[in-house]
Amino acid sequence: MFEDYPFTGNLSKDLVGIAKTQVGYSESKLNFKVNQNGIRHGYTRYGAWYGTPYSDWSATFVSFCLHYSGAPPDKFPINIGATSMAEQWKRLGRYANVSQYTPISGDLVFFKDNSVGIISEIFNTTIHIIRGDVNDSVVDSVVSLNDSSIVGWGLVGPSASSRPAVAGCAFSPCPGRRARRSGRPGLHPWGCPSPRPF
């Protein structure tokens, strides 16, 4: 399907790149089913790929992107539901609670409403997220890193335990390793419990 896509071999970059190619896609308005609660579910390529063409598709969108970016399913499990996916990622050590980790581009973000997205960019305390099944479409949305609807992160790059710590920081690994990107060189950024410079 993505034979002409310029893969880089970097999973995080390729995941974001594949997701970006899908922005603007919408579920079918003509081919749909109505469930027992009267809720209309349009056909999507993500649900069809997963085997459930008329279902909620936030997690199947992310699963589709993981698959086509080359993520091994034994290390990056796919699922039809975001909550179930988060549990699978926790068991593999690839999940971090919202207050325990600073995400990077290519990581996943899990929300309270059983949805999940792919972080495409981070600017200071603002994150751009590519999400499926938002108003029946794939969108590039913007939220704050401190948004109360976020419950955790899925680590697509190196796991948190393998990312380097910063001496003198109570957070391990310290999110301050990217403080220069936030325009505050030498200071620990948001969310870090240590006020000391590094």
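**Some remarks on helix α1 (residues 11-20)**
Stage number 1. Across the ten residues of α1, eight count as buried, placing the element largely inside the fold.
Stage number 2. Three or more residues of α1 are buried, namely L11, S12, D14, L15, V16, G17, I18 and A19.
Stage number 3. Looking at the packing, one finds that the buried side of α1 touches α3 (58-69), β4 (108-111), β5 (116-123) and β6 (126-134).

**A closer look at unusual backbone geometry**
Outside of glycine, negative phi angles account for most residues, and trans bonds account for most peptide bonds.
Stage number 1. The backbone of D133 shows a phi angle near 65 degrees, a positive value even though the residue is not glycine.
Stage number 2. Its place among the elements puts D133 in strand β6.
Stage number 3. Within the chain, D136 stands out as a residue other than glycine whose phi angle is a positive 70 degrees.
Stage number 4. If you trace the backbone, D136 turns up in the loop between β6 and β7 (137-144).

**Digging into the pairing of β4**
Stage number 1. Burial of the side chains of β4 extends over both faces: L108 and F110 are buried on one face and V109 and F111 on the other.
Stage number 2. With three bridges joining them, β4 and β5 adopt antiparallel strand pairing. When the bridges of β5 are listed, L108 appears paired with I118.
Stage number 3. Strand direction decides the pairing type here: β4 and strand β8 (residues 150-154), joined by four bridges, are antiparallel. By the bridge assignment for β8, F111 is matched with I150.

**A word on helix α4 (residues 82-91)**
Stage number 1. Those residues of α4 that fall on the buried side of the exposure criterion are A82, M85, A86 and W89. An end-on view of α4 places all buried positions within 100 degrees of arc, on one side of the element.
Stage number 2. Buried-residue contacts for α4 involve α3, β3 (95-97), β4, β5 and β8.

**What to know about the nonpolar core**
Stage number 1. Core analysis: the largest hydrophobic core is formed by 30 residues, its most contacted members being F61, V62, C65, W89, L108, F110 and I118.
Stage number 2. Sorting the residues of this core by element identifies α1, α3, α4, β4 and β5 as the ones contributing at least two each.
Stage number 3. Looking at which element gives the most residues to this core, the answer is α3, with six residues.
Stage number 4. Contacts of L108, omitting those with residues within four sequence positions, involve L15, V62, M85, W89, V116, G117, I118, I119, G152, W153, G154 and V156.
Stage number 5. Y101, I119, L145 and L155 belong to the second-largest nonpolar core, a separate cluster that totals 13 residues.

**A closer look at the sheet that holds β3**
Within a sheet, adjacent strands bond to each other through the backbone by hydrogen bonds, running parallel or antiparallel.
Stage number 1. Strand order across the open sheet formed by six strands is β3-β8-β4-β5-β6-β7, with antiparallel pairing between neighbours. A strand with exactly one partner marks an edge of an open sheet, and here the two such strands are β3 and β7. Strand-to-strand twist of the sheet, defined as the mean angle between neighbouring strand axes without regard to direction, takes the value 35 degrees.
Stage number 2. Summarising the sheet, β3 and β8 pair through three bridges and their orientation is antiparallel. If you follow Y95 over to β8, its bridge partner there is G154.
Stage number 3. In this fold α1 packs onto β4, β5 and β6, with an angle of close to 105 degrees to the strand it touches most, β5.
Stage number 4. Against the sheet, α4 engages β3, β4, β5 and β8, with an angle of about 125 degrees to β4.

The rules behind the values
- Residues numbered from 1 in each chain as written.
- Predicted model: local features only at pLDDT ≥ 70, side-chain atom pairs only at ≥ 80, totals over all residues.
- Heavy atoms only, no water.
- Buried < 20%, exposed > 50% of the residue type's maximum accessible area, 1.4 Å probe, protein only.
- Helix = DSSP H or I, 4+ residues; strand = E, 2+ residues; numbered from the N terminus.
- Contact = heavy atoms within 4.5 Å.
- Pairing = 2+ DSSP bridges.
- Arc of directions from axis to C-beta.
- Core = buried A, V, L, I, M, F, W, Y, C linked by side-chain atoms within 4.5 Å.
- Axes fitted to C-alpha atoms, helices over the stretch in contact; angles between N-to-C directions.

In short, geometric facts, not functional conclusions.
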